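If you want the building blocks of each chain, they are given just below.
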Amino acid sequence: CLGSTPAEFFKQDEKEQVVFGPDDYFVKKDEAGNERTWLVPPAQKFEMEPLLVTIQPKSTLEEDKPHAGEEFGYVISGRINVYFGDRVYHVKSGESFYYRTTRDHRISNPGSREAKFIWISTPPEF
């Protein structure tokens, strides 16, 4: 009559973390000095995976093959090239990009200073 089972009624709510700060972040740096910062470290269990990415000048992140999902990015500083299939898109500070991951894709920094952008993928991939 209450619209729930006894187990659901007596279940205690887990304290789910909602706010994340620098002490929670996980950072991975590659040989070229490019850096990925996981802004929500347990994102593998969620539907989105937000990262802060720093790409060094004249550097390229590894190419990704087609897979199920979507990717969104917002350039905070610098500029990047987004390679999607046989097209190249030039994205500068204050601009964003979005694509379904149906083609080979990669990101590079053609500039002379580092570039930073927020990168959100779904489903979590990294």
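Structure's up top.
Draft legend 1. The environment of Lys45, seen in detail. Tracing the backbone shows Lys45 in the loop between β2 (35-38) and β3 (49-55). With relative accessibility at 63%, the residue Lys45 sits in the exposed group. Distance in space between the C-alpha atoms of Lys45 and Pro123 is 9.5 Å, their sequence separation being 78 residues.

Draft legend 2. Looking closely at the sheet that holds strand β1 (residues 26-29). With respect to topology, six strands assemble into an open sheet ordered β1-β2-β3-β10-β5-β8, the strand pairing being antiparallel. Of all strands in the sheet, those with a lone pairing partner are β1 and β8 (96-100), marking the two edges. Adjacent strand axes in the sheet meet at a mean angle of 20 degrees when their direction is disregarded.

Draft legend 3. The pairing of β1, seen in detail. Relative to β2, β1 runs antiparallel, the two being bridged by four bridges. Residue pairing for β2: Val27 is matched across the bridge by Thr37. Between β1 and β2, which pair antiparallel in sequence order, lie five residues; one of them, Gly33, sits at a positive phi of approximately 90 degrees.

Draft legend 4. Broad picture of the pattern of salt bridges. In this structure the tally under the stated criterion is five salt bridges. For Arg36, the salt bridge is made with Glu62, and the minimal N-O distance between the two is 2.9 Å. A residue pair is termed long-range when its members are at least 10 positions apart, and Arg36 in strand β2 and Glu62 in the loop between β4 (59-60) and β5 (70-77) qualify at 26 residues. Accessibility expressed as a relative area gives 13% for Arg36, which makes it buried. Using a relative accessible area of 48% as the deciding quantity, one classes Glu62 as partly exposed. With its nearest N and O atoms 3.6 Å apart, the salt bridge here joins Lys65 to Asp104. Pair noted here: Lys65 is in the loop between β4 and β5 and Asp104 is in the loop between β8 and β9 (105-109), with a separation of 39 residues, a long-range link. Since its relative accessible area comes to 49%, Lys65 is described here as partly exposed. Here the salt bridges do not stand alone but share partners, grouping Glu63, Lys65 and Asp104 into one network.

Reading the values: the criteria
Residues numbered from 1 in each chain as written. Predicted model: local features only at pLDDT ≥ 70, side-chain atom pairs only at ≥ 80, totals over all residues. Heavy atoms only, no water. Helix = DSSP H or I, 4+ residues; strand = E, 2+ residues; numbered from the N terminus. Buried < 20%, exposed > 50% of the residue type's maximum accessible area, 1.4 Å probe, protein only. Pairing = 2+ DSSP bridges. Axes fitted to C-alpha atoms, helices over the stretch in contact; angles between N-to-C directions. Salt bridge = Lys/Arg side-chain N within 4 Å of Asp/Glu carboxyl O.

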